[in-house]
Amino acid sequence: MGKKTGNLASLHPGQQGWISDIHAEEDIGQRLRDMGLVEGSRIECAYRSPFGDPTAYFVKGTLIAIRNRDAENIDIESESPLFGGSGREWG
């Protein structure tokens, strides 16, 4: 499997990836990093709200909800950039 890239909003429940970059405004970006969303962290889409926004993700043992407009600014990869592991495919 080759490495696939996308943004966090592209994940469906049950799919996972590794954070490769955050392109959010400074205050939102810092808040996301404070919650554990840092480069190399594994993140899994857990649930989507009934209306599709926000979406809940597991990261570092914590379930957090992120608005789709913020999730679109978080780049992910399907393989860990640090360890070469693979995540579940997404399309």
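It should be noted that the structure appears before, not after, this text.
Residues numbered from 1 in each chain as written. Predicted model: local features only at pLDDT ≥ 70, side-chain atom pairs only at ≥ 80, totals over all residues. Heavy atoms only, no water.

(A) Broad picture of the sheet that holds strand S5 (residues 62-66). The six strands are arranged S1-S6-S2-S3-S4-S5 in an open sheet whose pairing can be described as antiparallel. The open sheet terminates on both sides in strands that have one partner only, identified here as strand S1 (5-7) and S5. Neighbour-to-neighbour, the strand axes of this sheet turn through a mean angle of 40°, independent of strand direction. The pairing of strand S2 (residues 16-22) with strand S3 (residues 42-48) spans three bridges and is classified as antiparallel. Across the sheet, the residue bridging to Trp18 is Arg42, located in S3. (Pairing = 2+ DSSP bridges. Helix = DSSP H or I, 4+ residues; strand = E, 2+ residues; numbered from the N terminus. Axes fitted to C-alpha atoms, helices over the stretch in contact; angles between N-to-C directions.)

(B) Local environment of the environment of Ser10. Within the fold, Ser10 resides in the loop between S1 and S2. Under the relative-accessibility criterion, Ser10 is labelled partly exposed at 22%. Counting along the chain gives 65 residues from Ser10 to Asp75, while the straight-line C-alpha distance between them is 9.8 Å. Among the polar contacts made by the side chain of Ser10, one reaches the main-chain carbonyl oxygen of Asn7 at a distance of 2.6 Å. (Buried < 20%, exposed > 50% of the residue type's maximum accessible area, 1.4 Å probe, protein only. Polar contact = N/O pair within 3.5 Å; in protein donor to acceptor, adjacent residues only side chain to side chain.)

(C) Representation of the pairing of S3 within the structure. Across five bridges, the pairing between S3 and strand S4 (residues 55-59) is antiparallel. When the sheet's bridge partners are listed, Ile43 is paired in S4 with Val59.

(D) Representation of the pattern of salt bridges within the structure. Applying the stated rule across the entire model yields two salt bridges. Linking Glu44 and Arg42 is a salt bridge whose minimum nitrogen-to-oxygen distance equals 3.7 Å. Residue class for Glu44 comes out buried when judged on its relative accessible area of 18%. (Salt bridge = Lys/Arg side-chain N within 4 Å of Asp/Glu carboxyl O.)

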